[in-house]
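# Tertiary structure, described
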Amino acid sequence: MDIKRAKQIYESSGTIGVHLEGEPVWIESVDEANGMATVQVGGTPQNTHTVSVDRLVEDKG
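The structure reproduced in this document is the subject of the present report. All of these numbers come straight from a predicted model, not from anything done at the bench.

## A look at the side chain of Glu58
Its location among the elements puts Glu58 in strand E5 (residues 56–58). Here the side chain of Glu58 touches Arg5 through a polar contact of 2.7 Å, side chain to side chain. Setting aside anything within four residues of it in sequence, one finds Glu58 in contact with Met1, Arg5, Ile9, Ile16, Gly17 and Val18.

Structure, rendered in structure tokens:
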């Protein structure tokens with residue numbers, strides 16, 4: 001995924017499925033300057049990771 005799309009998903013009022021290595025994630029923030037996103041893995045608020053947006057995959061369903 002590119003940084004522009006990650007930002008669009010983050011700012012969307014709808015629910016858009018995103019995965020990180022097969023696990024569903026929720027984008028919590030996007031760092032455009034560094035190409036990074038902070039994501040919550042699954043439904044666990046304590047399980048957050050900051051990853052490169054190119055590791056994120058949007059659901060195409």
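## Let's talk about the sheet that holds strand E1 (residues 18–20)
Sheet architecture is open: five strands sit in the order E4-E3-E2-E1-E5, paired in antiparallel fashion. In the strand order of this sheet, the two ends are held by strand E4 (48–52) and E5, each with one partner. Ignoring strand direction, the axes of neighbouring strands in this sheet form an average angle of 45 degrees. Note: E1 against E5, three bridges, orientation antiparallel. Within the sheet, the bridge partner assigned to Val18 lies in E5 and is Glu58. Where helix H1 (residues 3–11) meets the sheet, its contacts fall on E1, strand E2 (23–31), strand E3 (36–41) and E5, and the angle it forms with E2 comes to roughly 100 degrees.

Conventions and cut-offs
Residues numbered from 1 in each chain as written. Predicted model: local features only at pLDDT ≥ 70, side-chain atom pairs only at ≥ 80, totals over all residues. Heavy atoms only, no water. Helix = DSSP H or I, 4+ residues; strand = E, 2+ residues; numbered from the N terminus. Polar contact = N/O pair within 3.5 Å; in protein donor to acceptor, adjacent residues only side chain to side chain. Contact = heavy atoms within 4.5 Å. Pairing = 2+ DSSP bridges. Axes fitted to C-alpha atoms, helices over the stretch in contact; angles between N-to-C directions.

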